Amino acid sequence: IFICNLYYVMAISKDNYTLTIYKSISEVKEILIRNTLKKTTLMREKTGKVLIGEIKDNSFSVIGSSPIEVICRLNGKFKFVTAEQTVIEVETSIQRAFIVLFIIWAIVIGAVAIFLPFLTKEKSAFSISSFLLLIIVAFFFRLLLHFVYTISRNKAIEKVEGLLV
């Protein structure tokens, strides 16, 4: 239940965008392919390309190549409107690696908060104040993660729009 709740909390950092581009689907894909370092795993790598990821026939999955943009994953689908107009539905989300790191961090900090009192000389039991402190720290860490995700998302969307306009 704890991990499911953490995953639900992480799902808050998900957004949907619709980009209308006045170019054909083939032109849009060509621009994205030219500016994307092709990799199946979305991990940061030093590159001269703007994006890192995969461009498929009707979709793409990319991250930005700058250090801050790595946190946000962009999944997009191309929709045909006319020969000279393409709609791209983009879903942004936090990279799965950051979700896993947050869950591991929360479990480790929780275990430390629970067992640390037993390792001290006083041998005091787990107190409610240390548990509340743990919840507060986890909450602020989650807010920080969402704040960085928001910055990453905005920069990545701007880059994709800048490439395609």
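Here the structure is shown first, and the text comes after it.
Everything in this summary refers to the structure shown in the same document.

Thoughts on a nonpolar patch on the surface
Judged by side-chain polarity, Ile 128, Phe 131, Leu 132, Ile 135, Ile 136, Phe 139, Phe 140 and Leu 143 come together as a nonpolar surface patch covering roughly 790 Å² of accessible area. Turning to its location among the elements, Leu 143 is positioned in helix H4 (residues 128-164). A residue is classified by how much of its surface remains accessible, and Leu 143, at 41% relative accessible area, is partly exposed.

As for the pattern of salt bridges
Summed over the entire model, instances satisfying the criterion amount to three salt bridges. In this structure, the salt-bridge partner of Arg 153 is Asp 15, at a minimum N-O distance of 2.6 Å. With a gap of 138 residues between them, Arg 153 in helix H4 and Asp 15 in strand E1 (residues 14-21) connect regions that are remote in the sequence. Judged by its relative accessible area of 11%, Arg 153 falls in the buried class. Salt-bridge contacts for Glu 30 lead to Arg 34; the nearest nitrogen and oxygen are separated by 3.1 Å. Here the residue Glu 30 and the residue Arg 34 both occupy positions in helix H2 (residues 25-34), the gap between them amounting to four residues, near one helical turn. Residue Glu 30 is classed as partly exposed on the basis of its relative accessible area, which comes to 47%.

Let's talk about the nonpolar core
One finds Leu 32, Phe 60, Leu 74, Ile 88 and Leu 164 to be the most contacted residues of the largest nonpolar core, which totals 27 residues. Only E1, H2, strand E3 (51-55), strand E4 (59-64), strand E5 (72-82), strand E6 (85-94), helix H3 (96-119) and H4 provide two or more residues apiece to this core. It is H4 that contributes the most residues to this core, seven residues altogether. Not counting the four nearest positions on each side in its chain, Phe 60 is found in contact with Leu 32, Glu 54, Ile 55, Leu 74, Asn 75, Gly 76, Phe 78, Ile 88 and Val 90.

Points about H4
Compared with an ideal rise of 1.5 Å per residue, which puts 37 residues at 54 Å, H4 spans 54 Å between its outermost C-alpha atoms and is within 8% of the ideal. What H4 keeps buried is the set Leu 134, Ala 138, Arg 142, Leu 145, Tyr 149, Ser 152, Arg 153, Ala 156, Ile 157, Val 160, Leu 163 and Leu 164.

Cut-offs and rules
- Residues numbered from 1 in each chain as written.
- Predicted model: local features only at pLDDT ≥ 70, side-chain atom pairs only at ≥ 80, totals over all residues.
- Heavy atoms only, no water.
- Patch = residues over 30% accessible without salt bridge, like charges linked within 9 Å, V, L, I, M, F, W, Y side chains within 5 Å.
- Areas by Shrake-Rupley, 256 points an atom, 1.4 Å probe, with all protein chains shown as cover.
- Salt bridge = Lys/Arg side-chain N within 4 Å of Asp/Glu carboxyl O.
- Helix = DSSP H or I, 4+ residues; strand = E, 2+ residues; numbered from the N terminus.
- Buried < 20%, exposed > 50% of the residue type's maximum accessible area, 1.4 Å probe, protein only.
- Core = buried A, V, L, I, M, F, W, Y, C linked by side-chain atoms within 4.5 Å.
- Contact = heavy atoms within 4.5 Å.
- Expected span 1.5 Å × (residues − 1).

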